[in-house]
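These are the residues of each chain, in order.
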Amino acid sequence: MSEWRFPSNDYGEKKGINDSGIATFRGTPLKSLAREICQNSLDAARAKTVRIEFNAFDIPPEKLPGSDVLKDTFERCARFWNDQKAVTTKNFFANAIDKISADRIHMLRISDFNTSGLTGSKAEVNTDWTNLTKSSGVSDKKGTSGGSFGIGKFAPFACSDFSTVFYSTYDEEGIQASQGVSRLVTFRREDGQTTQGVGYYGEERNTPAFEPLYLDPSFTRADRQYGTDIYIAGYKHMAEEDGWEKSIIISILDSFLGAVWNEKLVVYVGNIEISKSTLEDLIEIYREELTGYTERYYEVLTSPATKWHEEDFMGLGLIRLGLLLGGQEMHRKVAMIRKTGMKIKDQDRISSFIPFAGVMFIDGDKINRELRMLENPEHTEWQVARAENEIQARALLKSLNDYIRQKVEELASENGQEDFDAAGLGTLLPDEPDESRNQAKEESVTDKPVEIKKTIPPKHQAQTAGASTGGTKGKDIKKGGFVEGDSVLGYIHKDRHRRDNSGQDPYPVDIDVEKKNGSSKMQDIIPQKLRIMCMDKNSGKYVVMFVPDADGVNGLIEFELSAEAGSYPAPLVNASLIGQGSVKVFGNKLTGVDFRKGIPIKVMLQIDYSDYCSMEVSACADKK
């Protein structure tokens, strides 16, 4: 006969109300519930599409299995901890007693379909059933599955006023089983023994009853309709002001957009269907509440302008990357989605100024196994410190990020004819040079000399320029100050052959060019189109896009600050060019630049000058 049993702790450790597993999910109970449930169901998929139902309902107390024993247990727990100064335990059980004494008890049923169910209900250890019902910190999931810490099982308890959950399964082997679990605190039983705090509703020796449990009057399973049902007793979110469905829907849209889009998952939350066909309407309905950049990622998935890349990544299996360029609404992040369909994180630090959004589906089995071992318990981050080989793990994550950055830069170069609006500056800057405006600027120049102060920094290590970071410290690689980089930007000045105020000739394209070719002849590169953007005047960051009028190789770009009395070499801190290979920075010049007629050059630079300024850029190159 099924009944509640709370095992003795044999005078051992006493358990309090702050169960670490449950506490993990108390901050975001419904969001965590949706993530953990959907992940577990997808891990157990036995068909292309897994279906999950969330359904809330009420039942009278007598319909809750062992409700009279549960009520008595709550009262015993309250008495046992009555002398405790903290009120958390007292308040919890006062509320539990009040709710279980009411005329109706709130319940939430969560059911999945097209899954294998919870297998191993007749075994004692290390099965899906025992790991869920009678284990802590245990997970036997392998390969590409999502869970690996065994704490996701606690999420339903965080949503229960009774900290009590009932399980019922119909597994793919045809076995049906059910059991209740109540995660409470130590209390004194009628026989004087103190308990472990965890109780089980089932047969003797706390084994499950081998029959289905149907607490929702509107629900039964059909023959061979395999899956698992979870009943949260005393569902505490029934009376949410905006409806209990809202938080669950938003969490699923945020975390499982990829799974729903790829038709791996369909979810019913009350009467609301979350499927590929309803995504557009749901995103519109919950637009103001959506988190995790869901709207942008949906745009990536649906836009015909999205550029998709597929490849076997480092021999570890298939990855698919979709990238979409846009305006300042783009958040410059990529949704990293593992094979289960759950988004793990929003990858950032890709580009500081190219406006884009992206989605990466990581489908390969080997790479999924590697990344799975790096996930934190909440499945929201990959952490190198969790790896057995940290160097290898760090290299894998860096390679993924570098791959994304490369594809973003390539896409930006391919779409160079499109103007990218950086932080809204497009409304202030012309798309085309306007001679009349330039003339007006010349006529309005003040006679007052402008002093440009150049700060000479102390000796320091050379920097490696990067398209997204603006440079990271590295080693001096060549005497004279050359620095490896990705390239540069600036304004265009047609007269390259003038001398600056120091009387020195412009630097050659290569510091050793005179040794290699003493009579190198170079042609001027003139912009067909020019756009200049100040990203951050305080830190001296600028972005320039110009379209060269001719082809050229092994070229240079020179940057100078303009003043009424003359021009001065720009004090470059670092510089980078988007979409080209290795280039070098020497003084105020960028060398090793290749030009293609009509193909935009997009460059970012930082100067040691913390205010708005005018710059001149001269460019030249060898004929191609």
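Residue numbers restart at each chain and count upward from 1, following the sequence in its written direction. Given that this is a predicted model, residues contribute local features only at a pLDDT of at least 70 and side-chain atom pairs are listed and counted only at 80 or more, while totals for whole chains, interfaces and linings are drawn from all residues. As a rule here, side-chain values come from all non-hydrogen atoms in the structure, and water together with hydrogens is ignored.

A.B. asks: What should I look at first to understand the sheet that holds strand 13 (residues 343-347) in this one?
C.D. replies: Strand pairing in a sheet takes place through backbone hydrogen bonds and is either antiparallel or parallel in direction. Any two strands with at least two DSSP bridges between them are considered paired. Put simply, DSSP H or I for four residues or longer makes a helix, DSSP E for two residues or longer makes a strand, and each gets a number counted from the N terminus. Within the open sheet, the 5 strands sit side by side as 10-11-14-12-13. Their pairing is mixed. The sheet terminates laterally at strand 10 (307-312) and strand 13, the two strands that pair on one side only. Between one strand and the next, the sheet's axes are offset by a mean angle of 15 degrees, whatever the strand orientation. Where strand 12 (residues 333-337) lies against strand 14 (residues 356-362), 5 bridges are found, and the strand directions are parallel. Along strand 14, the bridge assignment pairs Ile337 with Phe361. For every element, the axis is a line fit to its C-alpha atoms; helices are fit only across the contacting stretch, and the angle between N-to-C directions ranges from 0 to 180 degrees.

A.B. asks: What is the right way to read the nonpolar core from this model?
C.D. replies: The nonpolar side chains of soluble globular proteins are, as a tendency, buried together. To qualify as a nonpolar core, a set must consist of buried Ala, Val, Leu, Ile, Met, Phe, Trp, Tyr and Cys residues joined through side-chain atoms within 4.5 Å. When accessible area is computed with a 1.4 Å probe and restricted to protein chains, residues below 20% of their type maximum are described as buried, those above 50% as exposed, and intermediate ones as partly exposed. By size, the foremost hydrophobic cluster in this structure holds 96 residues, and its most contacted members are Phe54, Ile252, Leu265 and Met360. Top element by residues in this core is helix 11 (residues 390-414). It accounts for 9 residues. In what follows, residue pairs with any heavy atoms lying within 4.5 Å of each other are defined as contacts. Aside from chain neighbours lying at most four places away, what touches Leu265 is Cys38, Leu42, Thr49, Val50, Ile52, Phe256, Ala259, Val260 and Ile274. Phe546, Ala575, Val585 and Tyr609 belong to the second-largest nonpolar core, a separate cluster that totals 29 residues.

A.B. asks: Can you help me understand the pattern of salt bridges in this one?
C.D. replies: Side chains bearing opposite charge may pair, as long as their charged atoms lie close to each other. A pair is scored as a salt bridge if a Lys or Arg side-chain nitrogen falls within 4 Å of a carboxyl oxygen belonging to Asp or Glu. In the structure shown here, the tally under the stated rule is 26 salt bridges. For Glu190, the salt bridge is made with Arg76, and the minimal N-O distance between the two is 3.6 Å. Of the two residues, Glu190 is situated in the loop between strand 5 (176-183) and strand 6 (198-202) and Arg76 in helix 3 (residues 67-80); the sequence distance between them amounts to 114 residues. With a relative accessible area of 73%, Glu190 lands in the exposed category. Two residues, Asp365 and Lys339, come together in a salt bridge whose shortest N-O distance is 2.4 Å. Placement of Asp365 in helix 10 (residues 365-372) and of Lys339 in the loop between strand 12 and strand 13 is noted, with a sequence separation of 26 residues between them.

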